Amino acid sequence: MASVGHVVVGLAAARFSRQGQATIWSPFSAAVVWSGLSLLPDVDVYGFRLGVHYADVWGHRGATHSFVFAFAAAAIVALVAKVARFPVLRTALLALGVVSSHALLDTLTDGGLGCALLWPFSNERFFAPWTPLPVAPIGRAFLSMQGLRVAAVELVALSPVLAYALWPRRRQVAR
Ligand SMILES: [Zn+2]
(Lines give C-alpha, C1' and ligand atoms only; values in the text may rest on other atoms or scores of the structure.)
Protein backbone atom coordinates (compact mmCIF):
# COMPACT_ATOMS: atom_id res chain seq x y z
CA MET A 1 0.00 0.00 0.00
CA ALA A 2 1.17 3.51 -0.76
CA SER A 3 1.65 6.18 1.86
CA VAL A 4 -1.86 7.56 1.23
CA GLY A 5 -3.75 4.65 2.79
CA HIS A 6 -1.45 4.50 5.81
CA VAL A 7 -1.85 8.25 6.39
CA VAL A 8 -5.64 7.77 6.37
CA VAL A 9 -5.24 5.22 9.19
CA GLY A 10 -2.95 7.68 11.03
CA LEU A 11 -5.55 10.46 10.75
CA ALA A 12 -8.26 8.18 12.15
CA ALA A 13 -5.98 7.14 15.03
CA ALA A 14 -5.24 10.81 15.74
CA ARG A 15 -8.93 11.51 16.04
CA PHE A 16 -9.54 8.46 18.22
CA SER A 17 -6.59 9.37 20.49
CA ARG A 18 -8.19 12.73 21.25
CA GLN A 19 -11.75 11.45 21.64
CA GLY A 20 -13.02 12.11 25.16
CA GLN A 21 -9.52 13.06 26.33
CA ALA A 22 -8.39 16.35 27.76
CA THR A 23 -5.21 16.89 25.77
CA ILE A 24 -2.77 19.69 25.10
CA TRP A 25 -2.12 18.27 21.62
CA SER A 26 -3.47 20.11 18.62
CA PRO A 27 -5.31 17.98 16.05
CA PHE A 28 -2.46 18.75 13.63
CA SER A 29 0.37 17.48 15.85
CA ALA A 30 -1.67 14.37 16.73
CA ALA A 31 -2.22 13.76 12.99
CA VAL A 32 1.51 14.10 12.26
CA VAL A 33 2.58 11.75 15.08
CA TRP A 34 -0.02 9.03 14.37
CA SER A 35 0.53 9.18 10.61
CA GLY A 36 4.27 8.83 11.30
CA LEU A 37 3.59 5.70 13.35
CA SER A 38 1.36 4.32 10.63
CA LEU A 39 4.11 4.85 8.04
CA LEU A 40 6.93 3.66 10.34
CA PRO A 41 7.30 0.10 8.90
CA ASP A 42 8.25 1.60 5.52
CA VAL A 43 11.55 2.93 6.97
CA ASP A 44 12.84 -0.28 5.40
CA VAL A 45 12.81 1.32 1.92
CA TYR A 46 15.89 3.32 2.97
CA GLY A 47 17.70 -0.02 3.14
CA PHE A 48 17.66 -0.16 -0.68
CA ARG A 49 20.23 2.68 -0.70
CA LEU A 50 22.41 0.69 1.69
CA GLY A 51 22.40 -2.35 -0.56
CA VAL A 52 19.73 -4.31 1.34
CA HIS A 53 17.68 -6.44 -1.08
CA TYR A 54 13.87 -6.56 -1.12
CA ALA A 55 13.78 -10.22 -0.05
CA ASP A 56 16.30 -9.83 2.81
CA VAL A 57 15.14 -10.02 6.43
CA TRP A 58 15.59 -6.23 6.76
CA GLY A 59 14.49 -5.68 3.15
CA HIS A 60 11.18 -4.08 2.16
CA ARG A 61 8.18 -5.70 3.92
CA GLY A 62 10.58 -7.78 6.03
CA ALA A 63 11.18 -7.47 9.78
CA THR A 64 9.58 -4.03 10.09
CA HIS A 65 6.32 -5.49 8.74
CA SER A 66 6.02 -8.07 11.56
CA PHE A 67 3.83 -8.25 14.66
CA VAL A 68 6.98 -8.33 16.83
CA PHE A 69 8.05 -4.99 15.33
CA ALA A 70 4.56 -3.58 16.04
CA PHE A 71 4.79 -4.79 19.68
CA ALA A 72 8.24 -3.20 20.05
CA ALA A 73 6.97 0.10 18.64
CA ALA A 74 3.93 -0.04 20.97
CA ALA A 75 6.23 -0.69 23.96
CA ILE A 76 8.24 2.44 23.14
CA VAL A 77 5.02 4.42 22.69
CA ALA A 78 3.86 3.13 26.12
CA LEU A 79 7.06 4.48 27.73
CA VAL A 80 6.62 7.86 26.03
CA ALA A 81 2.93 7.91 27.07
CA LYS A 82 3.91 7.21 30.68
CA VAL A 83 6.43 10.06 30.73
CA ALA A 84 3.98 12.40 28.97
CA ARG A 85 1.15 11.27 31.33
CA PHE A 86 -1.11 10.07 28.52
CA PRO A 87 -3.35 7.05 29.22
CA VAL A 88 -0.68 4.34 28.83
CA LEU A 89 -2.73 1.25 27.96
CA ARG A 90 -5.10 3.05 25.59
CA THR A 91 -2.21 4.80 23.79
CA ALA A 92 -0.07 1.64 23.54
CA LEU A 93 -2.98 -0.48 22.23
CA LEU A 94 -3.79 2.17 19.66
CA ALA A 95 -0.12 2.21 18.58
CA LEU A 96 -0.13 -1.60 18.33
CA GLY A 97 -3.23 -1.44 16.13
CA VAL A 98 -1.87 1.35 13.95
CA VAL A 99 1.58 -0.19 13.34
CA SER A 100 0.09 -3.70 12.79
CA SER A 101 -2.47 -2.25 10.38
CA HIS A 102 0.38 -1.19 8.11
CA ALA A 103 1.58 -4.72 7.39
CA LEU A 104 -1.97 -6.12 7.25
CA LEU A 105 -2.98 -3.50 4.65
CA ASP A 106 0.19 -4.27 2.67
CA THR A 107 -0.81 -7.96 2.54
CA LEU A 108 -3.95 -6.87 0.65
CA THR A 109 -1.91 -5.55 -2.29
CA ASP A 110 -1.41 -7.42 -5.54
CA GLY A 111 2.34 -7.10 -6.07
CA GLY A 112 5.85 -7.10 -4.65
CA LEU A 113 6.63 -9.61 -1.92
CA GLY A 114 4.32 -10.35 0.98
CA CYS A 115 4.96 -9.23 4.57
CA ALA A 116 7.15 -11.13 7.08
CA LEU A 117 4.35 -11.01 9.66
CA LEU A 118 5.86 -13.74 11.85
CA TRP A 119 9.47 -12.53 11.91
CA PRO A 120 11.70 -13.46 13.82
CA PHE A 121 10.00 -16.88 14.10
CA SER A 122 9.67 -17.24 10.35
CA ASN A 123 10.92 -15.25 7.38
CA GLU A 124 8.00 -16.38 5.23
CA ARG A 125 6.32 -13.52 3.37
CA PHE A 126 2.52 -13.48 3.61
CA PHE A 127 -0.28 -12.12 1.44
CA ALA A 128 -3.95 -12.04 2.42
CA PRO A 129 -6.13 -14.62 0.61
CA TRP A 130 -7.72 -11.65 -1.21
CA THR A 131 -5.52 -8.91 -2.71
CA PRO A 132 -7.88 -6.24 -4.03
CA LEU A 133 -5.48 -3.28 -3.75
CA PRO A 134 -3.00 -2.40 -6.50
CA VAL A 135 0.59 -2.31 -5.25
CA ALA A 136 2.13 1.18 -5.13
CA PRO A 137 5.26 2.13 -7.06
CA ILE A 138 8.13 2.69 -4.59
CA GLY A 139 9.82 6.07 -4.02
CA ARG A 140 9.72 8.77 -6.70
CA ALA A 141 8.00 6.39 -9.08
CA PHE A 142 4.91 7.01 -6.95
CA LEU A 143 4.66 10.46 -8.60
CA SER A 144 3.23 8.99 -11.80
CA MET A 145 -0.17 8.17 -13.28
CA GLN A 146 0.08 4.67 -11.79
CA GLY A 147 0.86 6.21 -8.38
CA LEU A 148 -2.17 8.51 -8.68
CA ARG A 149 -4.40 5.58 -9.64
CA VAL A 150 -3.19 3.58 -6.61
CA ALA A 151 -3.77 6.56 -4.31
CA ALA A 152 -7.31 6.98 -5.67
CA VAL A 153 -8.16 3.28 -5.16
CA GLU A 154 -6.82 3.43 -1.59
CA LEU A 155 -8.84 6.56 -0.79
CA VAL A 156 -12.01 4.84 -2.03
CA ALA A 157 -11.23 1.58 -0.20
CA LEU A 158 -10.54 3.42 3.05
CA SER A 159 -13.26 6.05 2.60
CA PRO A 160 -15.17 4.97 5.77
CA VAL A 161 -11.93 5.37 7.79
CA LEU A 162 -11.27 8.74 6.15
CA ALA A 163 -14.83 9.86 6.89
CA TYR A 164 -14.35 8.99 10.59
CA ALA A 165 -11.05 10.91 10.62
CA LEU A 166 -12.34 14.07 9.00
CA TRP A 167 -16.03 14.22 9.96
CA PRO A 168 -16.71 17.66 11.47
CA ARG A 169 -16.98 17.63 15.25
CA ARG A 170 -20.22 18.55 16.91
CA ARG A 171 -19.60 21.79 18.76
CA GLN A 172 -20.30 21.89 22.46
CA VAL A 173 -22.78 24.72 22.91
CA ALA A 174 -21.95 26.76 26.01
CA ARG A 175 -24.98 27.60 28.09
ZN1 LIG B 1 4.82 -1.19 3.92
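Here is what the cut-offs are and how they apply
- Residues numbered from 1 in each chain as written.
- Predicted model: local features only at pLDDT ≥ 70, side-chain atom pairs only at ≥ 80, totals over all residues.
- Helix = DSSP H or I, 4+ residues; strand = E, 2+ residues; numbered from the N terminus.
- Buried ≥ 20, exposed ≤ 12 C-beta atoms within 10 Å, placed from the backbone.
- Contact = placed C-beta atoms within 7 Å.
- Core = buried A, V, L, I, M, F, W, Y, C linked by C-beta atoms within 7 Å.
- Axes fitted to C-alpha atoms, helices over the stretch in contact; angles between N-to-C directions.
- Parallel < 35°, antiparallel > 145°, perpendicular 65-115°, else oblique.
- Left-handed = near helix turned anticlockwise from the far one by under 90°.
- Nonpolar A, V, L, I, M, F, W, Y, C, P; charged D, E, K, R; others polar.

**Some points on the environment of V88**
Along the polypeptide, V88 turns up in helix α4 (residues 88-106). Looking at V88, the number of C-beta atoms within 10 Å reads 16, which means it is partly exposed. Distance from V88 to A78, taken between C-alpha atoms, is 5.4 Å for residues 10 residues apart in sequence. Setting aside its immediate chain neighbours within four residues, V88 contacts A78, A81 and K82.

**Concerning the nonpolar core**
With 24 residues, the main nonpolar core has V8, A73, A95 and V98 as its most contacted residues. Elements represented by at least two residues in this core include exactly α1 (3-18), α2 (27-39), α3 (67-83), α4 and α6 (159-166). At seven residues, the largest contribution of residues to this core is made by α1. In this view, V98 contacts V9, G10, A13, W34, L37 and S38; residues no more than four positions away in its chain are not counted. If you look at the next biggest cluster of nonpolar residues, it comprises six residues, including A2, L105, A136 and V150.

**Some points on the packing of α1 against α6**
Angle between the axes and distance between the axes: these two values describe a pair of packed helices. Contact pair α1 / α6: the axes reach a minimum separation of 8 Å and the direction vectors enclose 40°. In terms of orientation, α1 lies oblique with respect to α6. In the packing of α1 onto α6, the handedness of the crossing is left-handed. Residues V8, V9, L11, A12 and R15 of α1 form the contact with α6, whose participating residues are V161, L162, Y164, A165 and L166. Class assignment of the residues belonging to the contact of α1 with α6 gives a composition of nine nonpolar, no polar and one charged.

**Description of the environment of E154**
The topology assignment puts E154 in helix α5 (residues 145-157). By the C-beta count within 10 Å, which is 24 here, E154 ends up buried. Among all residues touching E154, those that are not within four sequence positions of it are M1, A2, V4, G5 and L133.

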